[in-house]
Each structure stands twice: as C-alpha cells, then as structure tokens.
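Summary of the model geometry
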Amino acid sequence: MKTLFVLILVIINFCALGQTKTKVIDSGSAYLNYSVDKKSLKMFVIDKKNRSPDGYSIVSDSLTLFLNKRQDFNFYLGWLNPLKYKVSWIESVSVDESYRQMESFVSSLMTIFNLDVTSGSKSVNQDDKGIVPVNDKSSNGKQTSNVDLSKIIEIDFPSKVMLSPDFQDFYFFLSLIDAEDLGNGDRKVINDMKKDIEEFDKSNFSDFKDWYFTSFSTLVSLESAESAKLSVNSINLALEGKEENLSKKPDLISGFKNKVSLVSLENKMFEYQMKSKLNNAIVDAETRIKAESELKDKLKPLVSIIEDSLKDPSNDSGFDSSEFFESKSLSFETGKQISAKIIVKEYSFDQKSLSFSPLEEEFSKKFVLRKYNFIYPTFSTGVFYSDTEIVTYGLSNSDNSNEFLISQDTLQKNTALVAAFANFNFDLNSDFFHPFLQVGIDPTKIRPFLLLGGGIFVPTSKFAISGGAVFTWEQSLENLKVGDSVNSTTDLQNDIKYGVFDVGVKGWYLGIQYQF
C-alpha cells in the first residue's frame, strides 16, 4: 500500500511539471484585441519575458490573472469605434450617451432631408390667393402703353440659376412682364438689387446637408485610431469654418432685409410681388440657419465621443501600441480578489433609412484578478480511504469467571471516512495541475486520525486527489496494565487515556476533494 501511494504521487507531480501555462503577470497591464469578424477576444501581456504582441491567447469565458507583487491593473483595448461599439465593464454603471446622441443627430438629419425646399416659404404679407398678376392693368400701377422700346433698360438677369426657390420664382415672373409694365426707374432699382440677391443666395442657400451626412458617415465607418485622428482633425477644422460663417449670417440677413424694405417701385403691384418673394427667401434662410445650427450642435458631441476614445493611449515602447487605449483600471485590497466583466455591444447603421439598431447578441468575457502567491491555502471537506493498523485494548475471559483479563491487540481497519482538509498549494502557473501539501483530520471524537500527505489540485475542474500517511493518538493505560483483571468493560474504558500522540505511521490513505 505504501509503495502504491508513493508511485501515484510521483506520477502526478511529473504530470504537473510537464503541463504548465503562463498566467502569472509581472507587468501592470494587459492588452485586449476584439475581433469584429470572429467575435473573439485576444489578450497579450508585455513584460520582461514577452516583448512581442505576437503571443496572443484567446480569452475563454473566464480567465484568472495572478498579479505578481501588485494589486492594481490596467486593461488596454484595441481601438473600437465608439459610435458602433459600446464597451462597458460590470464594475461601473453608465448611460449609453453615445447611442443617445447618435439617435438625436440622425433624427435631426432625417428632418433636414425631409424639408420642403421646392416651393419656398410664405411671407406674412403674401395674399392667400397666391401671386398677384404683374400685368394687371388696374389704375394702381398702370403705366402708359405709349413706350419707346428702344429706350427701355434691359433687366439684368442672373447668369446662374438661383438656389432659392423664391428667387427663382421672382426672376421667372420678371421674365414674363410686358415692356410697358415697368418703367426704367423700376428696372434700375431691380437691376441694382441683383448683386445683393446673388450674394444672399450664394451665402444662404448652398446645400449644407450633404457635408453633415458625409461627416457623420465618415465617423461611423472609422475602423482605426489613426484614421479617426485624421478625420476628427479634418471635421473639427471644417466645423470651425462653419461656425464662423453661421455667426455672420444673422447680420447679413438683417442687412439684406433692410435693403428689401427700402425698395420702392412706381408699379406698386410689382413692388408688392417683389418684396413678398424676397421676404419669403429671408424667412427660408433663417429656417436653414436654424436647421444647420442644430446639425452642427449635434455633430460636435459625436466628434467629442471619438476624441474621448483616443485619450489615455498606451505608451509602451516595446511595440506599436498606438491603437491601444486604456479601457479599465482595477485595484483590490490585500486578501481579496476582484472580477471584471467586459461587455461589447455592437450597433448597425442603415445609411438608407438613417437608423441605428443594436445587434441581438452581446459579447462578454470575465476576468478574475488576484495577487499571486507561490503557496496559497485552500480548505475543504473530502472523502478518504485508509488502511490503518491501530493498537487497542480489550478484555478476555477464559475460565468463565466474573473477572476479565486486559489484553492488547493490533487492529487492521479498512474504511472510507469524511475528513476536513487544509491544502497548501504550489502555484506552478498551470491551469491543470497544482501540487500541494495536505493536513487533514477526521471527525471521530474518541480517536481521530491525523492525515499528512500531498496531492494534485486541478483548478479548472475544482478537483483534487491526495494521499499520505495516517497518524493517531496513542491509547495507554493509566493505572492498569495488560494482564490485570477487571470486573467490567467500564473499568477498562475509564482507565484508557488518549493524551499521547503516536508519531509512528499507522497506515496510508487516499483522498478525493471536489468543487471546493
């Protein structure tokens, strides 16, 4: 039996030494890389032993990291676009601010794309019946038909099509008037306004939606930190220019509005029509300024989200760490361990419908961090089987008298019992085998066994097998001795003492522990 136990322990220890896996971390950080295509998480550690990120390892559902001589740790994550991927850790409660702001921006963008820019806006002084005919020959505004056409000043029409629908309407009806409807004085006033109308049209009615949509699509489609930095710088520079232009537009509109109010024609019907159309364009321009300002104010937070994701980069000089940024910082007190679960939620963006939708499944992995100790204890209950020889005292009666003689016997006990174990494990950086030394005691009150041995602990399955020597307390007679006669068993039991520990090995045991 003794030879069998020694052989088992030797084989187990050789297996433990041959199947080790590094998970003790000397540095204070680990680098995580989430694969968008494979939906997997890889991890590598840069330390004295490993100076290259090539040694990636796939993170299983749960991974325990042992920190050597430290109780604080940082996780750096390969850059993920925060407008498409929400990364969170279970230690912190956070509002999905980026997703809320994206919805707000897209909502505004959809509103802007649905604006009616084909018919213009109605001015407060426009008749509900629509346009007043300019060739109305009523007495108000009627001009003489006896006109020398050779002396008529030509209307100076714009060389390009106006962007404003109201300006388009104005020049369209201007082209339809008869020569006698407008005198040279009115024509000169209209020609003098041409330059102001063209400048107002150019500065207020150029398309602004496409730039915001393109900028937003660019931010959503970013796939690397390097491209994100370039795009953010470019968009911020353009936003500064747009903010400056928007800040000037109220004064430009006010100036144009003042010039329109000063227009005075002999043909009052046409003056009414001209002012109505120009004022409609002013209202439309004010609406567009408000819409663009809203888009600008909602695009800027999205740019800030990208900028924030580029903060706290890794400064490890051992490799190109420009794509890795601090994702989580953890610390724990002495004697404790901490678990951290990373969750990656992905969103898809439909450019046709301008809508976001979260994907059904979320990705998550769990990390357990604890301080590394080469020797660490575990405590549990288990079952052991022993083959033990123990000395005991009994009584014999050979002559059928009322007196019994005290005798000493050696008993061979083969039995399975429950015991409490204290294991002192040796961490060999393996997920499969940790050898340990063991102390155990069975719950027998009268004559408990003391177990001293060793074994192998399998951390991944919470299973341990052990074996070793059995010791017990020695029985001794206080006043009586072997061969003395007594009247009853009670006399013998009262004289037996268990105070002396027998240092001799009484047998051998095999123990099993599970899920501790």
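1. Some details on the overall build of the chain
Helices and strands together make up the secondary structure of the chain, namely eight helices and 18 strands. Expressed as a percentage of its 516 residues, the buried residues of the chain come to 43%. In the chain, the proportion of contacts linking residues at least 24 apart, taken out of those at least 6 apart, comes to 74%. Summing over all exposed atoms, the chain offers an accessible surface of approximately 27800 Å²; the carbon and sulfur share of this is 53%.

2. Side note on the pairing of strand β9 (residues 337-350)
Examined bridge by bridge, strand β7 (residues 85-89) and β9 share five bridges and lie antiparallel to one another. Note that in β9 the partner of Ser88 across the bridge is Ile343. Across eight bridges, β9 lies against strand β11 (residues 363-371) in antiparallel orientation. Opposite Ile343, over in β11, you have Ser364 as the bridge partner.

3. Digging into the sheet that holds strand β8 (residues 324-331)
Pairing is mixed in the open sheet, where five strands are placed in the order β4-β3-β2-β6-β8. On the outer flanks of this sheet lie β4 (57-58) and β8, each paired with one strand and no other. Where strand β2 (residues 29-35) and strand β3 (residues 40-44) come together, five bridges link them in antiparallel fashion. Each bridged residue has a counterpart across the sheet, and for Tyr31 the counterpart in β3 is Phe44.

4. Side note on the packing of aromatic side chains
This model, assessed by the stated rule, comprises 22 aromatic pairs. Each member of the aromatic cluster is reached from another via a ring pair, and the members are Tyr31, Phe44, Tyr76 and Phe324. Geometry around Phe208 places Lys209 over its ring, the cationic atom sitting 5.9 Å from the centre. Directly above the aromatic system of Trp211 lies the positively charged group of Lys242, at a separation of 4.8 Å from the ring centroid.

5. Remarks on the environment of Ala228
With respect to the element layout, Ala228 can be found in helix α6 (residues 225-261). For Ala228, the contacting residues outside a window of four places in its chain are Trp79, Leu222, Ile306 and Leu310.

6. Considerations on the side chain of Asn425
Along the polypeptide, Asn425 turns up in strand β13 (residues 404-426). If near-sequence neighbours (up to four positions away) are discounted, Asn425 is found in contact with Phe374, Ile375, Tyr376, Pro377, Thr378, His434, Pro435, Phe436 and Phe457.

7. Considering α6
For α6, which comprises 37 residues, the first-to-last C-alpha distance of 53 Å matches the rise-based estimate of 54 Å (1.5 Å per residue) to within 8%. In the structure, α6 departs most strongly from a straight axis at Lys249, where the bend amounts to approximately 30° and where the proline Pro250 lies between one and four residues downstream. Looking at the packing, one finds that the buried side of α6 touches α3 (165-174), α4 (184-204), α5 (209-220), α7 (268-309) and β8.

8. Notes on the packing of α4 against α7
It is the contact of α4 with α7, at a shortest axis distance of 11 Å, that shows an interaxial angle of 20°. The pairing of α4 with α7 is recorded here as roughly parallel in orientation. The way α4 lies across α7 gives a crossing that is left-handed. Touching Ile190, Met193, Ile197, Phe200 and Asn204 of α4 are Phe270, Met274, Leu278, Ala281, Ile282, Ala285, Arg288 and Ile289, all from α7. Here the contact of α4 with α7 is composed, by residue class, of 11 nonpolar, one polar and one charged.

9. So, the environment of Leu278
Of note, Leu278 is situated in helix α7. Its relative accessible area of 0% is what places Leu278 among the buried residues. Residues Leu278 and Ser261 lie 17 residues apart in sequence; the distance between their C-alpha atoms is 9.8 Å. Every residue in contact with Leu278, bar those within four places of it in the chain, is listed here: Phe167, Met193, Ile197, Phe256 and Val260.

10. Topic: a nonpolar patch on the surface
Together, Phe374, Ile375, Phe424, Leu437, Val439 and Leu452 line one region of the surface with nonpolar side chains, adding up to about 510 Å² of accessible area. Its place among the elements puts Phe374 in the loop between β11 and β12 (375-396).

11. Things to note about the confidence of the model for the chain
In low-pLDDT segments, the atomic positions of the prediction should not be examined closely. Scored by pLDDT, the chain has a mean of 77; 76% of the residues are at 70 or more. The model gives residues 115-145 a pLDDT under 50, and that stretch makes 55 contacts with residues more than four places away or in other chains.

12. Notes on the pattern of salt bridges
Tallied over the full model, the rule gives 18 salt bridges. A salt bridge links Asp166 to Lys277, with the shortest nitrogen-to-oxygen separation between them at 3.8 Å. Taken together, the residues Asp166 in helix α3 and Lys277 in helix α7 connect sequence positions 111 residues apart. For Asp166, a relative accessible area of 0% puts it in the buried group. On the basis of relative accessibility, which here comes to 6%, the residue Lys277 falls in the buried class. The shortest N-O distance in the salt bridge between Lys249 and Glu292 comes to 3.9 Å. Note that Lys249 is positioned in helix α6 and Glu292 in helix α7, a separation of 43 residues in sequence. Residues Lys249 and Glu292 agree in their burial class; the two are buried. Each of Glu243, Lys296, Asp297 and Lys300 takes part in a single network of salt bridges with overlapping partners.

Calculation criteria
Residues numbered from 1 in each chain as written. Predicted model: local features only at pLDDT ≥ 70, side-chain atom pairs only at ≥ 80, totals over all residues. Heavy atoms only, no water. Helix = DSSP H or I, 4+ residues; strand = E, 2+ residues; numbered from the N terminus. Buried < 20%, exposed > 50% of the residue type's maximum accessible area, 1.4 Å probe, protein only. Contact = heavy atoms within 4.5 Å. Areas by Shrake-Rupley, 256 points an atom, 1.4 Å probe, with all protein chains shown as cover. Pairing = 2+ DSSP bridges. Phe/Tyr/Trp six-rings, centres within 6.5 Å; stacked < 30°, edge-to-face > 60°. Lys NZ or Arg CZ within 6 Å of the ring centre and 35° of its normal. Expected span 1.5 Å × (residues − 1). Bend = angle between axes of the 7 residues up to and from the residue. Axes fitted to C-alpha atoms, helices over the stretch in contact; angles between N-to-C directions. Parallel < 35°, antiparallel > 145°, perpendicular 65-115°, else oblique. Left-handed = near helix turned anticlockwise from the far one by under 90°. Nonpolar A, V, L, I, M, F, W, Y, C, P; charged D, E, K, R; others polar. Patch = residues over 30% accessible without salt bridge, like charges linked within 9 Å, V, L, I, M, F, W, Y side chains within 5 Å. Salt bridge = Lys/Arg side-chain N within 4 Å of Asp/Glu carboxyl O. pLDDT = per-residue confidence, 0-100.

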